[in-house]
Amino acid sequence: MNIYTFRDEEQFVQTGANLISSLLHTNPRAKLGLATGSTPVGLYAKLIEMNRQGLVSFAQTTTYNLDEYVGLPENHPESYRTFMNEKFFHHVDIQIERTHVPNGNAANPEEECLNYDKMLEEFGPVDLQLLGLGHNGHIGFNEPGESLSGGTHVVELQEKTRNANARFFPTLDDVPTHAITMGVATILKARQILLLVRGEDKAEIVHRALKGPITTACPASLLQCHPNVVVLLDQGAGRLLV
Ligand code: GLP
């Protein structure tokens, strides 16, 4: 694992953006695995800026998002499809039909999961998978527990996760109870993983994920098994690593 800690927010964001843009310079058709959450917002903004300046193009890129809430209409302000459209896709030269987010409204969610994996099998693996980190160690929506699922699956969200995400909804009751998420095996198939974490409140879980035992009790710890992981941390998140 290559772990970098940044004092400066701008450098943190620029480093992530440079990694993605140099991948696209080498391979304009690269497949990107994308993530939501507040952490990558600055990175998306930087990539938009670089796209406008002609420094990077997404014209031939295909993207696959990690996860989506079950049961939120696609155009709901808090659906991950809306998030991706508003924070990124609608502002860059990407072809929207090449962007994929699991369909949280599929009549048969189990089938949707199988189809998502089939698509990744056929067209993947992704060249770079962007990840954030949940306070409980989740990646995508792979919640800690006695076991983890390999493939894309429907997951019941833990209270800690619903509480953490309640800030985006009018009340806690409005936070969906289930989501579709790529599984850990799907995530680990990516050629490279770029994990971004910000904030003091994540310092402990960062330490557990990167330096603790590899365990399903902390899904992000499985990243230690991957041969090509880049971790970008701000000072708060990296506080316990020194
Ligand atoms: C959500 C997403 C994750 C994300 C996590 C952390 O639960 N499903 O993919 O990494 O939140 O979010 P934030 O970056 O807002 O702390």
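The model shown is predicted, which means the values in this text are computed figures rather than measured ones. (Residues numbered from 1 in each chain as written. Predicted model: local features only at pLDDT ≥ 70, side-chain atom pairs only at ≥ 80, totals over all residues. Heavy atoms only, no water.)

K.L.:
Is there a simple way to think about the overall build of the protein in this case?
P.N.:
Regarding its fold elements, the protein presents seven helices and 10 strands. For the protein, the C-alpha radius of gyration of 17 Å lies close to 18 Å, the compact-globule estimate for 242 residues. Considered along the principal axes of its C-alpha atoms, the protein spans approximately 45 × 40 × 35 Å. Scored against the burial criterion, the 242 residues of the protein give a buried share of 53%. Of the contacts made within the protein by residues no fewer than 6 positions apart, 78% connect residues no fewer than 24 positions apart. In the form shown here, the protein has an accessible surface area of approximately 10,900 Å², with 49% of it arising from carbon and sulfur atoms. Charged side chains of the protein number 19 positive and 28 negative; the gap between the two group centres comes to 7 Å. (Helix = DSSP H or I, 4+ residues; strand = E, 2+ residues; numbered from the N terminus. Rg over C-alpha atoms; globule rule 2.2 N^0.38 Å. Buried < 20%, exposed > 50% of the residue type's maximum accessible area, 1.4 Å probe, protein only. Contact = heavy atoms within 4.5 Å. Areas by Shrake-Rupley, 256 points an atom, 1.4 Å probe, with all protein chains shown as cover. Lys, Arg positive; Asp, Glu negative; His and termini not counted. Charge placed at Lys NZ, Arg CZ, Asp CG, Glu CD.)

K.L.:
Looking at this model, I keep getting lost on the packing of aromatic side chains. Mind explaining?
P.N.:
Centre-to-centre distance and the angle between the planes together describe a pair of aromatic rings. Counted according to the given criterion, the structure contains eight aromatic pairs. Considering the side-chain rings of Y80 and F141, the 6.0 Å spacing of their centres and the 10 degrees angle between planes classify their relative orientation as stacked. With Y80 in helix α3 (residues 80–87) and F141 in the loop between β6 (128–131) and β7 (153–156), the pair connects residues that are 61 residues apart, well separated along the chain. For the pair formed by Y80 and F141, the shared burial category is buried. Ring centres of F88 and F89 lie 5.9 Å apart, and the angle between their planes is 45 degrees; on these two criteria the pair is classed as tilted. The same class applies to F88 as to F89, namely buried. Linked through ring pairs, Y44, F58, F88 and F89 together constitute an aromatic cluster. (Phe/Tyr/Trp six-rings, centres within 6.5 Å; stacked < 30°, edge-to-face > 60°.)

K.L.:
Help me understand the sheet that holds strand β4 (residues 67–69) in this model?
P.N.:
By way of backbone hydrogen bonds, the strands of a sheet pair with one another, either parallel or antiparallel. The three strands lie next to each other as β4-β8-β7, forming an open sheet whose pairing is antiparallel. The sheet is open, and its two borders are formed by β4 and β7, each paired with just one other strand. Averaged over all adjacent pairs, the angle separating strand axes in this sheet is 25 degrees, with direction ignored. Examined bridge by bridge, β7 and strand β8 (residues 178–181) share four bridges and lie antiparallel to one another. Bridged to V155 within β8 is A179. (Pairing = 2+ DSSP bridges. Axes fitted to C-alpha atoms, helices over the stretch in contact; angles between N-to-C directions.)

K.L.:
So what exactly am I meant to see when it comes to the site of the ligand here?
P.N.:
Near the ligand lie 13 residues; those nearest to it are S38, T39, D67, R167 and K202. Backbone polar atom of L133 to an oxygen atom of the ligand: 3.4 Å apart, as the coordinates give it. Protein burial of the ligand: of its 390 Å² of free accessible surface, 95% is covered by the chains. (Near = heavy atom within 4 Å. Polar contact = N/O pair within 3.5 Å; in protein donor to acceptor, adjacent residues only side chain to side chain.)

K.L.:
Help me out: how do you make sense of the state of the cysteines in this one?
P.N.:
A covalent bond bridging the sulfur atoms of two cysteines is what the word disulfide describes. Tallied over the entire structure, the rule returns zero disulfides. Here C218 is not disulfide-linked; the sulfur of C225 is the nearest cysteine sulfur, at 12 Å. (Disulfide = S-S within 2.5 Å.)

K.L.:
Would you take a moment to explain the environment of T177 for this structure?
P.N.:
Mapped onto the fold, T177 is located in the loop between α5 (159–165) and β8. Counting along the chain gives 155 residues from T177 to S22, while the straight-line C-alpha distance between them is 38 Å. Not counting the four nearest positions on each side in its chain, T177 is found in contact with V155, E156, L157 and R162. Here H178 takes part through its side chain, which lies 2.8 Å from a polar atom of the side chain of T177.

K.L.:
I keep staring at the sheet that holds strand β9 (residues 192–197) and nothing clicks. Help me out?
P.N.:
Taken together, seven strands build an open sheet; the order of strands is β1-β10-β9-β6-β2-β3-β5 and the sheet is parallel. Either end of the sheet is taken by a strand with one partner, and the two such strands are β1 (2–6) and β5 (99–100). Along the sheet, helix α1 (residues 9–26) contacts β1, β2 (31–34), β6, β9 and β10 (229–234); its crossing angle with β10, the most-contacted strand, is approximately 155 degrees. The sheet contacts of helix α4 (residues 109–123) involve β2, β3 (62–65) and β5, and relative to β3 the element is tilted by about 145 degrees.

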